[in-house]
There are 2 protein chains.
Amino acid sequence: MRRELDLLDALRLLIGGPVVLVTARWRDQEDVTPVIWVTPVSRRPPLVGLAVHPSRHLHDIIRYAEEFALNIPGPDLLNHTHYFGSVSGRDVAKLEISRLPTFKGHQVDAPLIEHCIAWIECGLEDALRLGDHTFFVGRVVAVQAEREAFEETWLVGERQYRPLHYLGADWYGVLGERLRAQLRTDEEGGIILEEPGKDEEEEEKER
Amino acid sequence: MRRELDLLDALRLLIGGPVVLVTARWRDQEDVTPVIWVTPVSRRPPLVGLAVHPSRHLHDIIRYAEEFALNIPGPDLLNHTHYFGSVSGRDVAKLEISRLPTFKGHQVDAPLIEHCIAWIECGLEDALRLGDHTFFVGRVVAVQAEREAFEETWLVGERQYRPLHYLGADWYGVLGERLRAQLRTDEEGGIILEEPGKDEEEEEKER
């Protein structure tokens, strides 16, 4: 079940590095393209940045629409995600062909994709040329996520509610475990940090 | 065993969204801080961008040094990574306290951290103010990775050679599986995309 999140949660949805399906709509044109080069860039205000090549159809639509949405897919959308990256919205109506249902966002006109596990709506703040790509800076205006997927952080619970990561070529990854860091102090309050590669026997004792 | 990689491999090392330990050295000062807001931004030339808050010690050192290194840790450095993010280099000599050995980079003066699994050396190209953070744009000048960790993409093989991802608070994640996308076509060459939530029975048949 989807629920509304705080705007700042957008930053945590993105930090683990999931692939995002960027949707945008301008007049009668819409596009969906996976974008991998995405990161939060500011907390106050909450801003995200994404690098898009100027040759992409998505590039023009974001320019004109001045808004976009980030849809975060889980592993169920592996092949859809790859497909959206392998054809151009100039040639085919990708969303239509995919037959994935969409729903209306709260703040932007870009379609939000059902079966994704989190959604971030953004208004375009800035577009900078960095090298051969355009770096679009978006201001977060609405955030939703599946309850089973995210609660303060990604929960890494049931597999279908874990975000999909892109590794390159036709390879993707899914998080397999969630680890909690611990900072331990010695009797004098100093930090105890284990050196990697230490005695396995010793590590065994600590468990 | 470490080996040299192509400069463009830096972009693939970063796309899955691993946490990076950023090191920089200026005169007698050095710092190491985990940075989560990192992304490639250009292919030609290969550029990466990272957002760092101006209050950070690391911020000043990168400004002065005009170069830095990204060290990608695996799960063995979970507690080290968290520690590096919880104290300021203004107060303590983090690298020294950690007792992690370092080695010399090929192109930059920033120390590279042993026990990490990949290393990207960068020269500073630009520093942009985006919201409340500075977005440092670095040009990739040298790349290395452990042979067991990366070969064209992250291999997601032996656990110690998988990159660490940050999820928020004191939670981290590690990739658990590597999936290969497949685009299947029907007899007429159309794309076959399964709709999520389709008949389980039908899916069963395909396995």
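Fair warning: this is a prediction, and the values are worked out from it, not measured in the lab.

**A word on the overall build of chain A**
- In terms of helices and strands, chain A carries five helices and 16 strands.
- Over its C-alpha atoms, taken along the principal directions, chain A stretches across nearly 65 × 35 × 35 Å.
- For chain A, the proportion of its 207 residues judged to be buried stands at 56%.
- Accessible area for chain A stands at about 9200 Å²; split by element, carbon and sulfur atoms hold 41% of it.
- Charge-centre separation for chain A: the mean point of 24 positive side chains lies 5 Å from the mean point of 37 negative side chains.

**Considerations on the pairing of strand S14 (residues 171–180) of chain B**
- Bridge count for strand S14 (residues 171–180) of chain A against S14(B) is nine bridges, and the pairing is antiparallel. Counterpart to A:Arg178 in the pairing with S14(B) is B:Gly173.
- Sheet topology places strand S13 (residues 164–168) of chain B next to S14(B); four bridges connect them, and they run antiparallel. By the bridge assignment, B:Tyr166 is partnered in S14(B) with B:Tyr172.

**Some remarks on the interface of chain A and chain B**
- Opposite the 65 residues of chain A that make contact, chain B presents 65 residues.
- When chain A packs against chain B, close to 6100 Å² is buried across both sides, 64% of that on carbon and sulfur atoms.
- If you look at where chain A meets chain B, you find four salt bridges.
- The closest approach of N and O atoms between B:Glu177 and A:Arg159, which form a salt bridge, is 2.6 Å.
- The greatest single-element share of the side of chain A that touches chain B, amounting to ten residues, is contributed by S14(A).
- Looking at the side of chain A that touches chain B, its residues break down into 35 nonpolar, 18 polar and twelve charged.

**Quick word on the sheet that holds S14(B)**
- Read from one edge of the open sheet, four strands run S13(A)-S14(A)-S14(B)-S13(B), paired in antiparallel fashion. If you trace the sheet from one side to the other, it starts and ends with strand S13 (164–168) of chain A together with S13 of chain B, each paired once. Each strand of the sheet is rotated relative to its neighbour by a mean of 45°, with strand direction disregarded.
- Strands S13 and S14 of chain A together with S14 of chain B of the sheet are contacted by helix H3 (residues 78–86) of chain A, whose axis makes an angle of about 130° with S14(A).
- Each of S14 of chain A together with S13 and S14 of chain B touches helix H3 (residues 78–86) of chain B; the most contacted strand, S14(B), lies at about 130° to it.

**What about the relation of the copies chain A and chain B?**
- The transformation that overlays chain A on chain B combines an axial shift of 0.0 Å with a rotation of 180°, and the residual RMSD is 0.0 Å. In the structure described here, the two chain copies are related by an operation that fits a two-fold rotation axis.
- When the interface residues of chain A are mapped onto chain B, 100% of them are again interface residues, pointing to one common binding face.

**Some details on helix H2 (residues 57–65) of chain A**
- Of all the positions in H2(A), only A:His57, A:Leu58, A:His59, A:Ile61, A:Ile62 and A:Ala65 are classed as buried.
- Phi for A:Glu66, located one or two positions after H2(A), is positive at around 60°.

**Quick word on the packing of aromatic side chains**
- This structure, assessed with the given rule, holds eleven aromatic pairs over all chains.
- Judged by centre distance (5.9 Å) and plane angle (50°), the rings of B:Tyr83 and B:Phe84 are tilted.
- Measuring from centroid to centroid gives 4.8 Å for B:Tyr166 and B:Tyr172, while their planes differ by 55°, and the two rings are tilted.
- One cation-aromatic arrangement involves A:Arg2 over A:Trp119; the distance from NZ or CZ to the ring centre is 5.7 Å.

**A closer look at the nonpolar core**
- Core analysis: the biggest nonpolar cluster contains 106 residues, and A:Leu70, A:Phe135, A:Trp154, B:Leu70, B:Phe135 and B:Trp154 have the highest contact counts within it.
- With seven residues, the top contributor of residues to this core is strand S9 (residues 116–130) of chain A.
- Beyond its immediate sequence surroundings of up to four residues, B:Leu70 is in contact with B:Leu14, B:Val20, B:Leu21, B:Val22, B:Val38, B:Val48, B:Leu50, B:Ala118, B:Trp119 and B:Ile120.

Analysis parameters
Residues numbered from 1 in each chain as written. Chains lettered and ligands numbered in written order. Predicted model: local features only at pLDDT ≥ 70, side-chain atom pairs only at ≥ 80, totals over all residues. Heavy atoms only, no water. Helix = DSSP H or I, 4+ residues; strand = E, 2+ residues; numbered from the N terminus. Buried < 20%, exposed > 50% of the residue type's maximum accessible area, 1.4 Å probe, protein only. Areas by Shrake-Rupley, 256 points an atom, 1.4 Å probe, with all protein chains shown as cover. Lys, Arg positive; Asp, Glu negative; His and termini not counted. Charge placed at Lys NZ, Arg CZ, Asp CG, Glu CD. Pairing = 2+ DSSP bridges. Contact = heavy atoms within 4.5 Å. Buried area = accessible area lost by both parts, 1.4 Å probe. Salt bridge = Lys/Arg side-chain N within 4 Å of Asp/Glu carboxyl O. Nonpolar A, V, L, I, M, F, W, Y, C, P; charged D, E, K, R; others polar. Axes fitted to C-alpha atoms, helices over the stretch in contact; angles between N-to-C directions. Least-squares fit on C-alpha atoms with pLDDT ≥ 70 in both. Phe/Tyr/Trp six-rings, centres within 6.5 Å; stacked < 30°, edge-to-face > 60°. Lys NZ or Arg CZ within 6 Å of the ring centre and 35° of its normal. Core = buried A, V, L, I, M, F, W, Y, C linked by side-chain atoms within 4.5 Å.

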